[in-house]
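Close look at the chain arrangement
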Amino acid sequence: MSEFLQQLLNGLSLGAIYALIALGYTMVYGVLRFINFAHSDVFMVGSFIGFYAGKYVPEGTIWGGMIVLVVAMLGCAALGIAIERFAYRPLRNGPTLNVLITAIGVSLLLEYSGQVFFGAEPRTFPAIFPSHTFQVGGVVVSTNQLAVIVVAVVLMIGLQLIVFRTKIGTAMRAVALNPRAAQLMGVNNDVVVSFTFGLGSALAAAGGILYAVNYPSIDPLMGVMPGLKAFVAAVLGGIGNIPGAALGGLILGTIETFVNGSQWSTYKDAIAFAVLIVILLFRPAGLLGRATVEKV
Amino acid sequence: MRFPRPHLALVAAILVAFGVSHYSDRIDPYFLDVMTGVGINVILAVSLNLVNGYTGQFSLGHAGFMSIGAYLSAAVSLYLGPKWLGDSGGTLTQQNGMFLLALCTGGFAAAAAGLVVGVPSLRLKGDYLALVTLGFGEIIRVIFQNVEVLGGALGLNGIPAYTTIFWVLAAAAVTIFVVTCLVNSTYGRGFLATRDDEIASEAVGLNTTNYKIVAFVVSAFFAGVAGGLYGHFKMTITPTGFDFTKSIEIVVMVILGGMGNTLGVILAAVLLTLLPELLRPIAEYRMVIYSLLLVVLMLVRPQGLFNFRRSTRTS
C-alpha cells in the first residue's frame, strides 16, 4: 500500500510537470489550430535559463528559487513571443502543414543552437530550492516534489483566472472560438496570439525549472520526450481544453510512473503513445473535449 | 510528373544503374557513399510523397516502417545467410539473390505493418493522423529496443555490406516508376481525388479509406526496402537511428519538394542529403544553418522549393 502511495506521489509530481507543458500546447492549439513543435524546446531553454540564473542566487532558498523561476518564465515568454512574431505570423493564413514544418524547423533550430551555445553534454542543475525529505506514513516525500505540485497548482489556478476573469482571457476564448468573428468584434488577434504564446511559453519555462529540479541533468535535447508526452497529455484531456490538459498531464504522469515501477519499465516511453492511440481511436475529442462535426 | 514511356524509362534507368555500378571502382568512394545516401533518401521521400503529397494524409511515422525493413532484412541476411551461403559466403550471384530476398522480406514486413497501423489510424485526419503515426513510429522503436534477438538497445552489428550503388539506383528507379505509374493510372486518380476533396470523392462513390490504406501500404513497402538498403549499407543499425527526427527529415524533403510533385521531391531529397555534406567544413554550425534554412525556405517559398505551379489548394 505504501509503495502504491509512493508511486502515486511520484506520478503526480511528474504529471504536474507534463500538465504545465501541455497547457502551452493546448492554448496554442486552441487559438491557432496547430501543433507548436517548438514548445518542447522552449521548455529546454527554460531550464537552461534557470541553470545560468541559478548561479547568481544563493542555493537552497525559497526566494532564490522563486527568482530563478520568474526570470526563466519571463525569458521564455519573450522567446515564445519572438518565435510567433518571426516564424509563425508570416504564415498565419497559409496551409497548416507549412506552419507545422516551420514549427519543426524552429524546434530543430533551438535544439542545434542549444548544442552550440550551451554545449551538447549534460549539465547538472543547481539545487535552487531547499531540499529535504521526510516520511509520511511510510511514503518518502521530498520538498522538491511538493514544490513542483504547489507551483503547478498555483500557476494553473492563475491561468484559469486569466482565461476566465480578464479581458484578454475573454479575447483568447473568442479567438479560439472563431478568429474572424472575434476580429469583427474589435479583438486584436495579433495581440491575443502573442499573449497566448507568451503565457504558454512562461508555463513551459516553469515546467522546465521544476523538471530540472527533480531530474537535475539538463541537455539541449532534454525537451523532446517530455514535450511529446505533454502533447499526448493535451490530446488525452481534449485539445484546446485547459482543465483537460491538466487532467491529461496528471493521468499520463501517473500511468508512466506506475509502468516504470513495474516489470515493463523498458516500455515506459511507448506507453504514452499507446495511450494516445487508444484515446484517438475511441474518443478523438479527448476526455473533456467535445466532439465536433465537420460541416461541408 | 509523367514519362512518355514509363517502362522504357525504367529499363533505361536500371541500365544506367548497371553502368554506374560497373565503373564504380573508378569513382571516389566518398562520392559513392554520398550517392548511396542520396538514393536511399530519394526512395524514402518519393514513397512518403505518395501518402503525404498525393493522397493528402499526413504521416510522421515513415522512419518506423524503415526500421522494420532494416531490422527484418538484416535479420534475414544475418540468420539465414550463413545457412544458405555456407562459410565461404557464396558467390556474388548467390549473395545478390540473398540480398533480394532480404529486401523483399523487409519490404513486405513493413507493408504488413503499414496495413496494421493504417487500418485503424487512417480514420483520423490532419494533425491527429500525424500524431498517431508518430506514436506508432515511436512504439515500433521501443519494441525493437526490447527485442533481444534483434540486439535490443545496442542494435544489430556486422550486417553484410550487400548494398551497392546498383541496388540503390535500381531500387530508386523502381520506386519512382511504381509511384508515378500508380498515380497516373485510372485507379490512381482516386488518390488525388481523396486529397482534393474527401467528401466529394465519397459522394461520387470512391472508397477513400481504401485509397488511403493502399497508399499507406505501398509507401510502407518502399520505406522497408529503403531500410533494408540502409542496413546493408551502414552494416550496423540501432533503434535510435530510426526515431522521430528521421521521420521529420523525410517529411521535410517531401514538403520542400512541393507535396505531390515527384520531380521536386527527388530534387529536394538530393539537395537535403548533400547540404549537410557541403556544410561539413563548418561542422559545428551546420545543423543550425540547416534548420535556419528550413524556416527561411518555408517563409519565402511556402509552396515548396521546386514547385513552380501555382497551388490550387488554399486550405
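For clarity, every value in this text was computed on a predicted model and none was experimentally measured.

About the criteria used
- Residues numbered from 1 in each chain as written.
- Chains lettered and ligands numbered in written order.
- Predicted model: local features only at pLDDT ≥ 70, side-chain atom pairs only at ≥ 80, totals over all residues.
- Axes fitted to C-alpha atoms, helices over the stretch in contact; angles between N-to-C directions.
- Helix = DSSP H or I, 4+ residues; strand = E, 2+ residues; numbered from the N terminus.
- Parallel < 35°, antiparallel > 145°, perpendicular 65-115°, else oblique.
- Left-handed = near helix turned anticlockwise from the far one by under 90°.
- Contact = placed C-beta atoms within 7 Å.
- Nonpolar A, V, L, I, M, F, W, Y, C, P; charged D, E, K, R; others polar.
- Buried ≥ 20, exposed ≤ 12 C-beta atoms within 10 Å, placed from the backbone.
- Core = buried A, V, L, I, M, F, W, Y, C linked by C-beta atoms within 7 Å.
- pLDDT = per-residue confidence, 0-100.

A word on the packing of helix α9 (residues 224–237) of chain A against helix α10 (residues 242–260) of chain A. Residues and elements named next belong to chain A. Put simply, α9 and α10 touch, their axes get as near as 7 Å, and they point 120° apart. Comparing their axes, α10 and α9 come out oblique. The interaxial crossing formed by α9 with α10 has right-handed handedness. Facing K229, A230, V232, A233, A234, L236 and G237 of α9, the residues of α10 in contact are G244, A245, L247, G248, G249, I251 and L252. Its residues placed into classes, the contact of α9 with α10 shows nine nonpolar, four polar and one charged.

All names here are of chain B. Inspection of the secondary structure puts L72 in helix α3 (residues 62–85). Judged by C-beta crowding, with 23 C-beta atoms within 10 Å, L72 ranks as buried. Along the chain, L72 and N52 lie 20 residues apart, while their C-alpha atoms are 25 Å from each other.

All names here are of chain B. At a minimum axis distance of 9 Å, the contact between helix α2 (residues 29–54) and helix α9 (residues 208–234) shows a crossing angle of 165°. Between α2 and α9, the interaxial angle falls into the category roughly antiparallel. α9 is crossed by α2, and the crossing has left-handed handedness. Contact with α2, carried on its side by T36, I40, I43, L44, S47, L48, L50, V51 and Y54, involves A215, F216, V218, S219, F222, A223, V225, A226, L229, Y230 and F233 of α9 and no other residues of that element. Each residue belonging to the contact of α2 with α9 can be placed in one class, and the counts come to 17 nonpolar, three polar and no charged.

This brings us to the interface of chain B and chain A. Contact residues are listed per partner, giving 30 residues for chain B and 31 residues for chain A. At the level of secondary structure, the elements contributing two or more residues to the side of chain B that touches chain A comprise α5 (126–146), α10 (244–257) and α12 (283–300) of chain B. Partitioning the side of chain B that touches chain A into residue classes produces 22 nonpolar, five polar and three charged.

So, about the nonpolar core. A19(A), A22(A), C76(A), A206(A), V232(A), L276(A) and A45(B) are the most contacted members of the largest nonpolar core, which totals 198 residues. The contacts of A206(A), once residues within four sequence positions are left out, are L20(A), L69(A), M73(A), V151(A) and L155(A).

On average, chain A scores 88 in pLDDT, and the residues at 70 or more come to 98%. Strand β2 (residues 133–136) of chain A is the least confidently modelled element of chain A, averaging 83 in pLDDT, while helix α2 (residues 39–53) of chain A averages 94, the highest of any element.

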